[in-house]
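# Examination of the molecular architecture
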Amino acid sequence: QVQLVETGGGLVQAGDSLRLSCAVSGGTLSWYRLAWFRQAPAEEREIVAAISRSGGPPYYADSVKGRFTISRDNAKNTLYLQMNSLKPEDTAVYSCAATLGESIRTSPNSYTYWGQGTQVTVSS
């Protein structure tokens, strides 16, 4: 069974950086397209960034373009999200997701496997 475990969340100040990691077990990372989603209290889950199986040009939500970078290390079976210049509005639970296939998907309904999420809190 495929399992995803996120680490790296925490409490930071506006302008700081964090790097989230998503360790994948029970499957080979190179088979999957991957994404990071986030959900703030009382809001719907939204796509943050996504990357194809082959690691081509990623997708970023407009709100994070130029600040966040998604990357994958198939040898380590790990997905990353580098978050720079964090803002209070980035506060949310961040979850990684995976599904078999090649091209990028941005809808949460497209993803089969999910991590439990990691809290990111950005203070002003």
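Please read these numbers as outputs of a predicted model, since none were measured by experiment.

### Some words on the state of the cysteines
Overall, the coordinates contain one disulfide when judged by the stated rule. Note on cysteine connectivity: Cys-22 is disulfide-linked to Cys-96, with sulfurs 2.1 Å apart. Its S-S torsion of approximately 65 degrees makes the covalent link between Cys-22 and Cys-96 right-handed. One end of the pair, Cys-22, is in strand E3 (residues 18-25); the other, Cys-96, is in strand E9 (residues 92-100), with 74 residues separating them in the sequence. In this structure Cys-22 comes out as buried when scored by relative accessible area, which is 1%.

### Considering the nonpolar core
Counting 30 residues, the largest nonpolar core has Trp-36, Leu-81, Met-83 and Tyr-94 as the members making the most contacts within it. Among the elements of the structure, E3, strand E4 (32-39), strand E5 (46-51), strand E7 (68-73), strand E8 (78-83), E9 and strand E11 (118-123) are those that each provide at least two residues to this core. Counting residues in hydrophobic clusters, the runner-up holds six residues, among them Ala-35, Phe-37, Ala-97 and Tyr-111.

### Remarks on the pairing of E8
When you tally the buried positions in E8, you get five out of six residues, the bulk of the element. Pairing between E3 and E8: six bridges, direction antiparallel. Bridging from a neighbouring strand, Ala-23 pairs with Thr-78 of E8. In the sheet, E7 pairs with E8 via six bridges, with the strands oriented antiparallel. What sits directly across from Asp-73, in E8, is Thr-78. Where E7 hands over to E8, the hairpin turn is made up of four residues, of which Asn-77 adopts a positive phi near 55 degrees.

### Description of the pattern of salt bridges
This model, assessed by the stated rule, comprises five salt bridges. One salt bridge connects Asp-90 with Arg-38, and the closest N-O pair in it is separated by 3.0 Å. Highlighted residues: Asp-90 in the loop between E8 and E9 and Arg-38 in strand E4, separated in sequence by 52 residues. For Asp-90, a relative accessible area of 1% gives the class buried. Note on Arg-38: relative accessible area 6%, which makes it buried. Connected through salt bridges with shared partners, the residues Arg-38, Glu-46, Arg-67 and Asp-90 form a single ionic network.

### Comments concerning the packing of aromatic side chains
This structure, assessed with the given rule, holds four aromatic pairs. Seen from their ring centres, Phe-37 and Tyr-111 are 5.5 Å apart, and the 75 degrees between their planes marks the pair as edge-to-face. A residue pair is termed long-range when its members are at least 10 positions apart, and Phe-37 in strand E4 and Tyr-111 in the loop between E9 and strand E10 (113-114) qualify at 74 residues. You'll find Phe-37 and Tyr-111 in the same group, each marked buried. Seen in terms of ring centroids, Tyr-111 and Trp-114 are 6.4 Å apart; in terms of plane orientation they differ by 70 degrees. Their pairing is edge-to-face. Since its relative accessible area comes to 6%, Tyr-111 is described here as buried. Judged by its relative accessible area of 26%, Trp-114 falls in the partly exposed class. Through a chain of ring-to-ring contacts, the aromatic side chains of Phe-37, Tyr-111 and Trp-114 assemble into a single cluster.

Cut-offs used in this document
Residues numbered from 1 in each chain as written. Predicted model: local features only at pLDDT ≥ 70, side-chain atom pairs only at ≥ 80, totals over all residues. Heavy atoms only, no water. Disulfide = S-S within 2.5 Å. Helix = DSSP H or I, 4+ residues; strand = E, 2+ residues; numbered from the N terminus. Buried < 20%, exposed > 50% of the residue type's maximum accessible area, 1.4 Å probe, protein only. Core = buried A, V, L, I, M, F, W, Y, C linked by side-chain atoms within 4.5 Å. Pairing = 2+ DSSP bridges. Salt bridge = Lys/Arg side-chain N within 4 Å of Asp/Glu carboxyl O. Phe/Tyr/Trp six-rings, centres within 6.5 Å; stacked < 30°, edge-to-face > 60°.

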